[in-house]
Amino acid sequence: MLNGNLKAAISSLSRTKWRSFFTMLGIIIGITSVVTVVSLGEGLKQQVVGQINHLGRDVITVRSGKLVNQASGTSVSNLNLLAFFSASTLTGHDAASLSSLPSVKAVAPMDFVTSSAKTNAKELDNLFVIGTTPDVSQVLPETVEYGDFFDQGAPDQNYAVIGNGVAQQLFGELNPVGQSLTISGRSFLVRGVLAKSSTSLLSVAETDFNSAILIPLKPAEELSSGQTNILQILIKAKDANNLDATVNDVHSALLKTHQGQENFTVLKQYELLNIAGGVINQLTGFISGIAAISLLVGGIGIMDIMLVSVSERTREIGIRKAIGATNRQILNHFLVEGLVLSVGGGLIGVVASLFVFGMLRIYTNLQPVITLPVMALAVGVSVVLGIIFSVVPALKAARKNPIDALRGE
Amino acid sequence: MALIELQEVSKLYGFGDATTLALDEVALTVEKGEFLAIMGPSGSGKTTLMNLIGLLDRPTHGTYALDGRNVARLRPNRQARVRRDRIGFVFQFYNLLPRINVLENVALPLAYRGMTPVRRQKQASDMLERVGMRDREYFLPRQLSGGQTQRAAIARALINKPNIIIADEPTGNLDSTDSKVVMELLSDIHRQGNTILLVTHNPELTRYANRVIYMRDGIIVADEKKPIGRMAKGARRTYFRKRKTTDRDIVAGVSALMHDVPGKEVTETPKRRKLRHRNNKIFKHLGGRAIK
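Cut-offs applied
- Here the residue numbering is sequential within each chain, running from 1 through the sequence in written order.
- Chain A is the first chain written and ligand 1 is the first ligand written, with later ones labelled in order.
- Residue-level local features of this predicted model are given only where pLDDT is at least 70; pairs of side-chain atoms are given and counted only at 80 or more, and the full residue set underlies all totals for whole chains, interfaces and linings.
- Here, any two strands with at least 2 DSSP bridges between them count as paired.
- Each helix corresponds to a stretch of at least 4 residues labelled H or I by DSSP, and each strand to a stretch of at least 2 residues labelled E; elements are numbered beginning at the N terminus.
- Placing C-beta atoms from the backbone, we regard two residues as in contact once those atoms come within 7 Å.
- Here the term charged refers only to Asp, Glu, Lys and Arg, the term nonpolar to Ala, Val, Leu, Ile, Met, Phe, Trp, Tyr, Cys and Pro, and the term polar to all other amino acids, Gly among them.
- Note on geometry: axes are C-alpha line fits, over the in-contact stretch for helices, and angles between N-to-C directions span 0 to 180 degrees.
- For this classification, under 35 degrees means roughly parallel, over 145 means roughly antiparallel, 65 to 115 means roughly perpendicular, and everything else is oblique.
- Each crossing gets its handedness from the near helix: less than a right angle anticlockwise from the far helix is left-handed, clockwise is right-handed.
- One fewer than the residue count of a helix, multiplied by 1.5 Å, yields its expected span.
- Here the C-beta atoms are placed from the backbone, and a residue counts as buried if at least 20 other C-beta atoms lie within 10 Å of its own, exposed if 12 or fewer do, and partly exposed otherwise.

Colleague: How would you sum up the sheet that holds strand 5 (residues 69–70) of chain B? Please name residues and give values.
Modeller: All names here are of chain B. An order of 2-1-4-5 is seen for the four strands of this open sheet, with the pairing classed as antiparallel. Of all strands in the sheet, those bounded by a partner on one side alone are strand 2 (20–30) and strand 5. Alignment of strand 1 (residues 4–13) against strand 2, held across seven bridges, turns out to be antiparallel. Directly across from leucine 6, in strand 2, lies its bridge partner leucine 28.

As structure tokens, then:
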């Protein structure tokens, strides 16, 4: 039954090729945009997850602001988005007090100073100048490729350790170690170069160390006239198997320095993952919701054209009924036609989104990831759309009185 | 038991002041194997009657028993099934689907029966062979002549082996040669035991029928049984009558022409008697029998 209807539907649609194509176009655009957005979100999530995992499981992150309601766990629905935009509540003092805790191995604050640095020859504006402590070398998985890290003994020296990407862009073939660069008018001596970070580039300050310049906390504070902008503090626990105890220690120590006000968040890695994933999911959902409107419009387009088609083919319906087609068979006939339009549109849309991904990967650093479930969902959605929006025209066709239909046209 | 039995069947169109009575309490019984010709002027309700018998339409009042079963009030899907299995339609304008080829057109009723494509194509092909259209299987309807198209339509009507063939002016669009072919085909089908209902304006075609009914204004005004091969009397009268247009006719307009249909409303006038005698002379001359 379906087979026969399918053939008939395809042949009758191919008679009005352009009309069918433009009807499909609505669905094609809708499916393409939804699939693209969802896959971009998926890609983003995978990148973030990759980078967070990159730090290692025994790293505890303290973030400014109370991001989640700890009492009810780290469920995304309790996410406090405002906390992302407030001024940092973390200070260098916090970092110092944390490093004296017995269960803590290393503490590295991430003080985001500025985004530009220059040498005599070149200037870069897209990097992260981060004030931190020498402990960072223990927290980060990246190793120093050339030279040395600034060490514990010289916390206030104008030393810098630069990321691999920065080294290439600022100094090119030259060995950067021993060269100097200028940040906000202050000159820094390059002590070392980090090995190339294996995780891919996503412009999230704390994780992309290829385009980072690490400087000691003291000069960093001085650069921003005594202020700090510590986005987060990375803590490496002494005992990786007893993270919860460390988290508790950190939490109570910070509560003390913050006079009992909990305007910070202590997160284990997987909690961080949850939050990052949640934010991206919400964002993706929101944008794909907007994109889904175009799907709706596409569906209405199908309904329109199907209605036109039904009234154009009144006589054909009459003939079919005269020779014994039941209402149900006429209904199926038009349902399948609507389905061919929408599923065809959906399939073309998926293919088109693959093309869009190619373009995105070539021309931007976004890395959309298409998964089988997303593709299946896209096709499923177009099936549902097809059924929903062809039901009305198909019913209209099926309920035509045979004799009126035969006289029609 | 009669194959078709209509009792007090009426059909109304429109409502309020615009109501038209297309069929006025028509009673008709058709036995199995009859070749029934239906004549009458345009608007007399012939086609409406055929549509009711063919279950394309529903009567406003009355009962319609097909093989003893009342089918007038069946649900649409059941009616469709009866249509599919028991009734074949041949239309004046062929009504083949224009965009599929002859073979697919003929096979279509089988598809609605749920037969597999291979089997239905085989059957359709055989049926086309029977109407002499085998070599035109893959033509589109528009590539055929009128007669060929009508033969394909007859093949389609026959494909489900219906017991009733309803032919609504099947030769209305054909020249005399094609008409003859189509009528011989119908006659052939009739000889094989099918019941045929033929609507026609052409008195010549009543030769194929063994019963002729005349309709006017939604009423069956005359019902004539006759041997096959002979033209019906009533039809003959219509055929050979040469009317002069009188002043009264001009006042009456088109409806004056309806006087030519036999029935109770035709009154005998001296003028009419004279005309009849003259016509009878012509009939005798042609070898026919006189009309009383």
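Colleague: How would you sum up the interface of chain A and chain B? Please name residues and give values.
Modeller: Listed per partner, the contact involves 17 residues of chain A and 21 residues of chain B. Per-element accounting of the side of chain A that touches chain B gives the leading share, four residues, to helix 10 (residues 314–322) of chain A. Residues that form the side of chain A that touches chain B fall into these classes: eight nonpolar, five polar and four charged.

Colleague: Describe the environment of leucine 82 of chain A, listing the residues and the values that go with them.
Modeller: Relative to the helices and strands, leucine 82 of chain A is located in helix 3 (residues 82–85). Each C-alpha atom, one on leucine 82 of chain A and one on lysine 66 of chain A, is 9.1 Å from the other, the two residues being 16 residues apart in sequence.

Colleague: An account of the packing of helix 2 (residues 17–55) of chain A against helix 12 (residues 372–398) of chain A is needed here, citing residue identities and associated values.
Modeller: All names here are of chain A. Where helix 2 meets helix 12, the closest approach of the two axes is 10 Å, and the angle between their N-to-C directions is 150 degrees. Between helix 2 and helix 12, the angle falls in the class roughly antiparallel. Of the two elements, helix 2 crosses helix 12, and the hand of that crossing is right-handed. For the pair helix 2 and helix 12, contact is made by Ile27, Ile31, Val34, Val35, Val38 and Ser39 and by Val374, Ala378, Ser382 and Leu385, respectively. A class-by-class count of the residues in the contact of helix 2 with helix 12 yields eight nonpolar, two polar and no charged.

Colleague: Kindly report on the pairing of strand 4 (residues 61–66) of chain B, identifying the contributing residues and their values.
Modeller: All names here are of chain B. By the bridge criterion, five bridges tie strand 1 to strand 4 in an arrangement that is antiparallel. Among the inter-strand pairings, glutamate 5 is bridged to a residue of strand 4, identified as alanine 65. Here strand 4 pairs with strand 5 via two bridges, running antiparallel. Of the residues in strand 5, the one forming a bridge with leucine 66 is arginine 69. The antiparallel pairing of strand 4 with strand 5 creates a hairpin that spans two residues between the two strands, and aspartate 67 there sits at a positive phi of about 55 degrees.

Colleague: Report on helix 5 (residues 146–158) of chain B, specifying residues and quantitative values.
Modeller: An α-helix turns once every 3.6 residues. As a result, residues three or four positions apart point the same way. Residues and elements named next belong to chain B. Between the first and last C-alpha of helix 5 there are 18 Å, a value that for 13 residues agrees with the 18 Å anticipated at 1.5 Å per step. Judged by how many residues are buried, helix 5 sits mostly within the fold: 11 of 13 residues are covered. Buried within helix 5 are the following residues: Gln148, Thr149, Gln150, Arg151, Ala152, Ala153, Ile154, Ala155, Arg156, Ala157 and Leu158. Those residues of helix 5 that are buried are in contact with strand 6 (87–90), helix 3 (102–111), helix 4 (117–130), strand 7 (164–168) and helix 6 (176–191).

Colleague: Please set out the sheet that holds strand 3 (residues 35–39) of chain B residue by residue, giving values where relevant.
Modeller: All names here are of chain B. Strand order in the open sheet formed by six strands is 6-7-8-3-9-10, and the pairing between neighbours is mixed. Of all the strands in the sheet, the pair left with one neighbour each is strand 6 and strand 10 (219–225). Each strand axis lies, on average, 15 degrees off the axis of its neighbour in the sheet, ignoring direction. When strand 9 (residues 211–216) meets strand 10, the two strands line up antiparallel, connected through six bridges.

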